[in-house]
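Reading the structure
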Amino acid sequence: MITIDARKCTQDGLCVLACPVNIIKMDGGFPEEVDGAADRCIRCGHCVAVCPTGALDNALTPAGEYLPVPDKRPDAEAMENLLVSRRSARSFRKKPVEREQLERLLETARCAPTASNAQKLSWTMIQDPQRLDRVRELSLEWMGTNPARSHYMEAARQGRDVILRDATALAVVHGPARSFWTAIDSTLALTYMELLAATMGLGTCWAGLVTYASTVVPELLPVLGVPEGSKVGGAIMLGHPRLKHRLIPPRDAARVTWL
Ligand SMILES: Cc1cc2nc3c(=O)[nH]c(=O)nc-3n(C[C@H](O)[C@H](O)[C@H](O)COP(=O)(O)O)c2cc1C
């Protein structure tokens, strides 16, 4: 699986340091893979990515498939500004989001980290208005049974879309139903999507009510395109936002224990 070009390798051992699952060893010579390495490799690609001379290749993540790290990345200030100023959108225009924009979001969201680099998530991107209506309907059905949510039901009766906020798209991410990591991996992928969407002028809002409803209304799962054996890891509404936020609201101070 691991091959070393002896003409390029400087025996610096960086690949050994980079490997999270300890499948590369150096016993005073060139790096080599340990027994059973191919079964343990998580395809994270670090061994190839850190080699300064391009001496190492990994058949599971061939060197030819890597991209160069871009020079242009936001500095800390630009990143902080984005993180503190992104907001949930609660009112969307009727104009649908272009397919290319949604594809761009998915392209980045798939690069979010996953536990053990499992990459087991899959997506449903719903734009069909009838299907969005069905999502609203089934979610409201669940909400109607919950007295604590009666204020939402009242607003819904008055014609407000309390479930999807009139969003024109709903991104649903799903993964193995029995995996502890599905929720965490999904949250990270949606966070990537949400932050990139903010830079593209799109509005987003976490669809927590739909996500919760999917755990108690089984009919919702096929409507959300969730395959058998999978569960919803999270969902966000997407669309062209109607409102522009002029100010950044206050937040509680970080509660921290320094030990
Ligand atoms: C996991 C999660 C689920 C949420 N679900 C909903 C939802 O179903 N509907 C909604 O309008 N907002 C939802 N929100 C948005 C939160 O209310 C919002 O993030 C919070 O009020 C902070 O506002 P901000 O996102 O503008 O900073 C959800 C947020 C998170 C993180």
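For the structure, check the block above.
The structure reproduced in this document is the subject of the present report. (Residues numbered from 1 in each chain as written. Predicted model: local features only at pLDDT ≥ 70, side-chain atom pairs only at ≥ 80, totals over all residues. Heavy atoms only, no water.)

Let's talk about the overall build of the protein chain
- Of the regular secondary structure elements, the protein chain holds 10 helices and eight strands.
- A burial count over the protein chain gives 38% of its 259 residues as buried.
- As displayed, the protein chain has an accessible area near 16,100 Å², and 54% of this comes from carbon and sulfur atoms.
- Charge-centre separation for the protein chain: the mean point of 31 positive side chains lies 8 Å from the mean point of 29 negative side chains. (Helix = DSSP H or I, 4+ residues; strand = E, 2+ residues; numbered from the N terminus. Buried < 20%, exposed > 50% of the residue type's maximum accessible area, 1.4 Å probe, protein only. Areas by Shrake-Rupley, 256 points an atom, 1.4 Å probe, with all protein chains shown as cover. Lys, Arg positive; Asp, Glu negative; His and termini not counted. Charge placed at Lys NZ, Arg CZ, Asp CG, Glu CD.)

Focus: the layout of surface pockets
- If you add up the space inside the largest pocket, you get close to 1,800 Å³.
- Together, 37 residues line the largest pocket, and Thr 108, Arg 110, Cys 111, Ala 112 and Tyr 192 are the ones closest to its centre.
- Of all elements in the fold, only helix 3 (46-50), helix 4 (76-85), helix 5 (99-109) and helix 8 (182-199) reach the threshold of two or more residues within the lining of the largest pocket.
- By residue number, the principal contributor to the lining of the largest pocket is helix 8, which donates five residues.
- The class makeup of the residues in the lining of the largest pocket is 23 nonpolar, eight polar and six charged.
- Composition of the lining of the largest pocket by domain shows at least three residues from each of domain 1 (2-65) and domain 2 (87-239).
- The volume enclosed by the second largest pocket comes to roughly 360 Å³.
- Contributing to the lining of the second largest pocket are 18 residues, with Ser 85, Arg 86, Arg 87, Leu 243 and His 245 lying nearest its centre.
- Contributions of two or more residues to the lining of the second largest pocket are made by helix 4, helix 8 and strand 7 (203-206). (1 Å grid on protein atoms, 1.4 Å probe; cavity = no way out; pocket = protein on both sides within 12 Å on 5 of 7 lines; lining within 4 Å. Points joined across faces, edges and corners; volume = space filled by probe spheres on them. Nonpolar A, V, L, I, M, F, W, Y, C, P; charged D, E, K, R; others polar. Domains from an automatic or database assignment.)

A word on unusual backbone geometry
- Positive phi values are uncommon outside glycine, yet Asn 22 reaches one of about 55 degrees.
- Turning to its location among the elements, Asn 22 is positioned in the loop between helix 1 (14-18) and strand 2 (24-25).
- Overall, the relative accessible area of 55% leaves Asn 22 in the exposed class.
- With a phi close to 55 degrees, Ser 116 is a non-glycine residue in the positive phi region.
- Checked against the element boundaries, Ser 116 lands in the loop between helix 5 and strand 5 (122-126).

With respect to a positive patch on the surface
- Where like charges cluster on the molecular surface, the positive patch consists of Arg 93, Lys 94, Lys 95 and Arg 242.
- With respect to the element layout, Lys 94 can be found in the loop between helix 4 and helix 5. (Patch = residues over 30% accessible without salt bridge, like charges linked within 9 Å, V, L, I, M, F, W, Y side chains within 5 Å. Salt bridge = Lys/Arg side-chain N within 4 Å of Asp/Glu carboxyl O.)

Here's the deal with the site of the ligand
- For the ligand, the full set of nearby residues is Arg 86, Arg 87, Ser 88, Arg 90, Arg 165, Cys 205, Trp 206, Ala 207, Gly 208, Leu 209 and Arg 251.
- One of the side-chain nitrogen or oxygen atoms of Arg 87 is found 2.9 Å away from an oxygen atom of the ligand.
- One of the side-chain nitrogen or oxygen atoms of Arg 165 is found 3.0 Å away from an oxygen atom of the ligand.
- About the coverage of the ligand: the protein hides 61% of its 610 Å² of free accessible area.
- Put simply, the parts of the chain that give the shell around the ligand at least two residues each are strand 7 and helix 9 (208-216).
- For the shell around the ligand, the class distribution of residues is four nonpolar, two polar and five charged. (Near = heavy atom within 4 Å. Polar contact = N/O pair within 3.5 Å; in protein donor to acceptor, adjacent residues only side chain to side chain.)

Some remarks on the packing of helix 5 against helix 8
- Two numbers describe how helix 5 lies on helix 8: the axes approach to 8 Å, and their chain directions differ by 135 degrees. In terms of axis orientation, helix 5 runs oblique to helix 8. At the point where helix 5 passes helix 8, the crossing takes the right-handed sense. For the pair formed by helix 5 and helix 8, the contact residues are Arg 104, Leu 105, Leu 106, Thr 108 and Ala 109 on the first element and Ala 189, Tyr 192, Met 193, Leu 196 and Ala 197 on the second.
- Looking at the contact of helix 5 with helix 8, its residues break down into eight nonpolar, one polar and one charged. (Axes fitted to C-alpha atoms, helices over the stretch in contact; angles between N-to-C directions. Parallel < 35°, antiparallel > 145°, perpendicular 65-115°, else oblique. Left-handed = near helix turned anticlockwise from the far one by under 90°. Contact = heavy atoms within 4.5 Å.)

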